[in-house]
Amino acid sequence: MALIQKLGWKRRQGGDLIDRGPENLRTVEIVWELVDQGDALCVMGNHEFNAVHFHTEVPGSPGTTLRPQNEKNRQQHQKVLDELERRPGFKADMLARFRTLPVAVEGPGWRCVHACWHPASLATLQKADSAWYVPAAAWEPAATKGTERWRACETLLKGPE
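Residues numbered from 1 in each chain as written. Predicted model: local features only at pLDDT ≥ 70, side-chain atom pairs only at ≥ 80, totals over all residues. Heavy atoms only, no water.

Engineer: So what exactly am I meant to see when it comes to helix α8 (residues 148-158) here?
Structural biologist: Those residues of α8 that fall on the buried side of the exposure criterion are Trp150, Ala152, Cys153, Glu154, Thr155, Leu156 and Leu157. Those residues of α8 that are buried are in contact with α3 (46-54), β4 (110-113), α6 (119-124) and α7 (139-143). Of the residues trailing α8, Gly159 is marked for its positive phi of about 95 degrees. (Buried < 20%, exposed > 50% of the residue type's maximum accessible area, 1.4 Å probe, protein only. Helix = DSSP H or I, 4+ residues; strand = E, 2+ residues; numbered from the N terminus. Contact = heavy atoms within 4.5 Å.)

See below:
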């Protein structure tokens, strides 16, 4: 609630950093400050996952992105796109940082994931210490509908559908 008050918002729903309210990039900055100071942890949400794919070209297919830049996807991401136009240097750093976010984290007596703690899906991802990640080489397979990594990320970041 303090973050919401700090930003002057009445309410912010969901766990996504972007595509959910006003001042997307400022929200990202505040969360990064908290994480960098050791005052918070941040896990990946489906909107951050989608943003990485929206802005990442398919290897060997210039102009084609891992998440199609169709009307539906563009409309969902439009506020962020508008903000990025005003701060062009921010995009590369934001996407690089999003790529490093764990999908899930656990500690003594607690677990954190954006949507659904699902052991079989977690087993599909790379585990480092107490956190699960989408490995750098796996971003493209994780974007390919129907693959094992795609199903795992969909379940962990959106819940079973």
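So that's the structure; there's more coming.
Engineer: In this structure, what is going on with the side chain of Ser121? I would like to understand it.
Structural biologist: Residue placement: Ser121 occurs in helix α6. Residues within four places of Ser121 in sequence aside, it is in contact with Arg151, Ala152, Thr155 and Leu156.

Engineer: Hey, could you run me through the sheet that holds strand β3 (residues 104-107) in this one?
Structural biologist: The strand order across the open sheet built from four strands is β4-β3-β6-β5, with neighbouring strands paired in antiparallel fashion. The open sheet has two edge strands, β4 and β5 (126-128), and neither has a second partner. Pairs of neighbouring strands in the sheet enclose a mean axial angle of 20 degrees, with direction left out of account. As paired elements, β3 and strand β6 (residues 131-133) share two bridges and run antiparallel to each other. By the bridge assignment for β6, Val105 is matched with Ala131. (Pairing = 2+ DSSP bridges. Axes fitted to C-alpha atoms, helices over the stretch in contact; angles between N-to-C directions.)

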